[in-house]
Amino acid sequence: MNTVLSRANSLFAFSLSVMAALTFGCFITTAFKERSVPVRIAVSRVMLKNVEDFTGPRERSDLGFVTFDVTADLQTIFDWNVKQLFLYLSAEYSTKNNALNQVVLWDKIVLRGDSPKLLLKDMKSKYFFFDDGNGLKGNRNVTLTLSWNVVPNAGILPLVTGSGHVSVPFPDTYETAKSY
């Protein structure tokens, strides 16, 4: 006859196997779902300053300021396997020194139960938009894109890019005003 500890071990092992199978089922039912939605990004103001860079040997760098609007309906992304979304707006551009520059300008966490409709007006950059040199001045192809990480209950953490983006030309001259 089996002891109580032996029976408890068997019950625990069986329960763990069932939980693993259920977790895999949770993952596989939503693993191949399309998570991209249309996004509308509009830029209302772009400003450029040339400021002292304190990280290097007393050189000056470009600092960009962007005011933007973002509209997106994220309802279709949320299903029973999504805990939250980590949204972020990034700027991509190229300079003579770097073929690809990527800077995160703004981010937000949308939890399950929060309003999935994103309607942001006149938002300013949450993070500094520094270039390591003077690559923003006169740059005609700075592309703003909204992307997100889907944080699931079980499974992989997909990185998704929205289906809308906007290219913004930066000015040829620097602003001298103190405020933004």
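Note that this is a predicted model, so its numbers are computed, not measured.

Those residues carrying the UniProt feature "transmembrane region" (unreviewed entry) are residues 12–32 in this numbering. For the annotated span residues 12–32, helix accounts for 90% and strand for 0% of the residues, and the straight-line distance between the end C-alpha atoms is 32 Å.

Counting buried residues along strand E7 (residues 142–152), 10 of its 11 residues qualify, which places the element largely inside the surrounding structure. When strand E3 (residues 82–93) meets E7, the two strands line up antiparallel, connected through 10 bridges. When the sheet's bridge partners are listed, alanine 91 is paired in E7 with leucine 144. Note that E7 and strand E8 (residues 159–168) share 7 bridges and pair antiparallel. Note that in E8 the partner of leucine 144 across the bridge is valine 166.

The next thing to look at is the pairing of E3. Pairing of E3 with strand E4 (residues 101–111), which is carried by 10 bridges, proceeds in the antiparallel orientation. When the sheet's bridge partners are listed, alanine 91 is paired in E4 with valine 103.

Reading the values: rules and limits
- Residues numbered from 1 in each chain as written.
- Predicted model: local features only at pLDDT ≥ 70, side-chain atom pairs only at ≥ 80, totals over all residues.
- Heavy atoms only, no water.
- UniProt positions renumbered as here; feature names shortened; annotations may be inferred.
- Helix = DSSP H or I, 4+ residues; strand = E, 2+ residues; numbered from the N terminus.
- Buried < 20%, exposed > 50% of the residue type's maximum accessible area, 1.4 Å probe, protein only.
- Pairing = 2+ DSSP bridges.

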